[in-house]
Amino acid sequence: MTETITAPEITAGTWRIDPDHSEITFSVRHLMTTVRGVFTEFGGRIDIADDVFASTAGAEIVIASIDTRNAERDELIRSSQILDAANHPAMTFATTAVAPARTGRRARHPRYTVDGDLTIRGVTRPVSLLTEFHGAGTDQRGGLRAGFTASTRISRSDYGIEFNVPLQGDRLMLGDEIEIGLEIQAVHGF
């Protein structure tokens, strides 16, 4: 049975990402486990068009705001060996397309593919975010808010991030694949 995905019902106009109620997370394999972290400073906007699939979004994430719960590791990630925050203080994302995505039986909300360009260390590559729209509603102050969840995977080597430590045999300390997760709450108008 094929399910038809329709455009989500969301008010057209400009929506601002609310960083106090949003989260950008990442994870990467480190030795035999996974290390997780967050970026604590970011912002962006979503411009919802009358035709939702013609909407655009953009975001900027401050590299220096990385937090993996380990100050020494955070400094290494900020260094020129990895993200080079001194020369590239932010990573950016800008949409190129929005389309319906296949919805799995377990999906609680319709899913959409948000394609865009992700720039890290001055290198821009296309990415696709699998995105769920959780709806919109009025907050306690009368403002209109909307919620989204999105995820993607990138290869850090695609962005020129080659830092690693060889281990015994042909193993490496860090994996190449990075999982990125977004929990976004946006406020209409600003």
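Residues numbered from 1 in each chain as written. Predicted model: local features only at pLDDT ≥ 70, side-chain atom pairs only at ≥ 80, totals over all residues. Heavy atoms only, no water.

### Observations concerning the overall build of the chain
To keep it simple, the criterion reads: Strands are runs of DSSP state E lasting at least 2 residues, helices are runs of H or I lasting at least 4, and numbering of each runs from the N terminus. Burial classification: accessible surface area is computed with a 1.4 Å probe over protein chains only, and a residue below 20% of its type maximum counts as buried, one above 50% as exposed, and the rest as partly exposed. Contacts between residues were defined by any pair of non-hydrogen atoms, one from each residue, lying within 4.5 Å. The method behind every accessible area is Shrake-Rupley, applied with a 1.4 Å probe, and residues are considered shielded solely by the protein chains displayed.
Within the chain one finds one helix and 11 strands. Counting from the amino terminus, helix and strand elements in the chain follow one another as β-β-β-β-β-β-α-β-β-β-β-β. When the 190 residues of the chain are sorted by exposure, 38% land in the buried category. Put simply, of all contacts in the chain between residues at least 6 apart along the chain, 58% involve residues at least 24 apart. Total accessible area on the chain stands at roughly 11,200 Å², and carbon and sulfur atoms take up 50% of it.

### Looking at unusual backbone geometry
The residue Arg69 is not glycine, and still its phi comes out positive at about 70 degrees. A positive phi angle, near 55 degrees, is found at Arg121, a position not held by glycine. Here Arg121 lies in the loop between strand E8 (111-120) and strand E9 (123-138).

### Focus: the pairing of strand E3 (residues 33-39)
The line we're drawing: Strands qualify as paired when DSSP identifies two bridges or more between them.
Alignment of strand E2 (residues 23-30) against E3, held across seven bridges, turns out to be antiparallel. Along E3, the bridge assignment pairs Val28 with Val35. With two bridges joining them, E3 and strand E6 (residues 66-67) adopt antiparallel strand pairing. Within E6, the position partnered with Phe39 by the bridge is Ile66.

### What about the pattern of salt bridges?
Using the following cut-off: A pairing counts as a salt bridge when a side-chain nitrogen of Lys or Arg comes within 4 Å of a carboxyl oxygen of Asp or Glu.
Going through the model one piece at a time under the given rule, you end up with seven salt bridges. As a salt-bridge pair, Asp139 and Arg145 come within 2.8 Å of each other at their nearest N and O atoms. Among the salt bridges present, the one from Glu179 reaches Arg153, with a minimum N-O distance of 3.5 Å. Taken together, the residues span a long stretch of sequence, with Glu179 in strand E11 (residues 174-188) and Arg153 in strand E10 (residues 144-155) at a distance of 26 residues. With a relative accessible area of 35%, Glu179 lands in the partly exposed category.

### Section: the pairing of E10
Looking at chain direction, E9 and E10 are connected through eight bridges and run antiparallel. Bridge pairing in E10 links Thr131 to Ala150. Connecting E9 to the next strand, E10, in antiparallel fashion are five residues, including Gly142 with a positive phi near 90 degrees.

### A word on helix H1 (residues 71-78)
For clarity, the cut-off: Directions from the helix axis toward the C-beta atoms define the arc.
Within H1, the full set of buried residues consists of Asp74, Ile77 and Arg78. Projected down its long axis, H1 shows its buried positions confined to an angular sector of 100 degrees, all on one face. The secondary structure elements touched by the buried residues of H1 are E6.

### Comments concerning the environment of Leu182
Among the structural elements, Leu182 can be located in strand E11. The residues contacting Leu182, other than those within four sequence positions of it, are Glu23, Ile24, Leu129, Phe148, Thr149 and Ala150.

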